Structure formats: C-alpha cells, structure tokens
Amino acid sequence: MVYAIVRAGGRQEKVSVGDYVTMNRVPGGVGSTLELPALLLVDGEKLTTAAKDLANVKVTAEKLEDLRGPKIVIQKFKNKTGYKKRQGHRQELSKVKITSIA
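Residues numbered from 1 in each chain as written. Predicted model: local features only at pLDDT ≥ 70, side-chain atom pairs only at ≥ 80, totals over all residues. Heavy atoms only, no water.

Caption draft 1: Local environment of the sheet that holds strand β10 (residues 92-101). What the 4 strands build is an open sheet, ordered β3-β10-β7-β4; its pairing is antiparallel. Strands with a single pairing partner mark the edges of an open sheet, and in this sheet they are β3 (20-24) and β4 (33-36). Shown here is a sheet whose adjacent strand axes are inclined to one another by a mean of 45 degrees, direction ignored. Two strands pair when backbone bridges link them, and β4 and strand β7 (residues 59-68) are joined in this way by 4 bridges, in the antiparallel orientation. What sits directly across from Leu 34, in β7, is Ala 61. (Pairing = 2+ DSSP bridges. Helix = DSSP H or I, 4+ residues; strand = E, 2+ residues; numbered from the N terminus. Axes fitted to C-alpha atoms, helices over the stretch in contact; angles between N-to-C directions.)

Here it is, written out as structure tokens:
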C-alpha cells in the first residue's frame, strides 16, 4: 500500500490515491489540479523521509468543490458591566480528490 503524509492547508493529512480530503480553501476553479508537498512517503516496506528524495515526489489532487464548514458561535460576556458580544464564523473549505502519488 502506498500512502503519503502531505501538507494540506496548514494541516498534515495522510492520503493515498482515490482519497477525498477537505482542506482550507485553495484558489482555482472546480476541476483544476493542484500539487501538495509531501512530508513522508510509505511504499510498502520502503519509508522515505529525506528532503532531497521527497523533492521528487509529486502528490497531485483535483479540486471537486468549494464549501463552508459548520457555524461556530463566539460569545463574550463580562459580568456587571453590560458587555455582551456575539460573533459567528464559517471556515471556507475545498474538497479535493487525490489523483496520483508519483
């Protein structure tokens, strides 16, 4: 089994060919391809961690869709002063499919 640990949108993800990964929003339209930097590669019993060897590894992905994460509510409250603040946030995300590890 071949898999790689890649840097995807500020996080590290374990991916193999055919996997779907949800990561921070990446530029480009639906159907565009992108290359993710590999941090580690496992090919059966062979483990690759050296930076010069990983420079030759290409992990390509195809962007499937843009979506938004769940709503997160931020509430701040200070007692006896009348201070209340409410704020919401939804993270911009992209869903990609890993097409090849070479």
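Caption draft 2: Here's a closer look at unusual backbone geometry. In this model, Lys 80 sits at a positive phi of 70 degrees, which is unusual for a non-glycine residue. With respect to the helices and strands, Lys 80 occurs in the loop between β8 (72-78) and β9 (83-89). By relative accessible area, Lys 80 is classed as exposed at 79%. (Buried < 20%, exposed > 50% of the residue type's maximum accessible area, 1.4 Å probe, protein only.)

Caption draft 3: Just the nonpolar core, in detail. Membership of the largest hydrophobic core comes to 18 residues, with the highest contact counts inside it found for Met 23, Leu 34, Leu 36, Val 59 and Ile 98. Of all the elements in the fold, those that place two or more residues in this core are β1 (2-8), β3, β4, β5 (38-43), β7 and β10. Among all residues touching Leu 36, those that are not within four sequence positions of it are Val 6, Arg 7, Met 23, Val 59, Ala 61 and Ile 98. (Core = buried A, V, L, I, M, F, W, Y, C linked by side-chain atoms within 4.5 Å. Contact = heavy atoms within 4.5 Å.)

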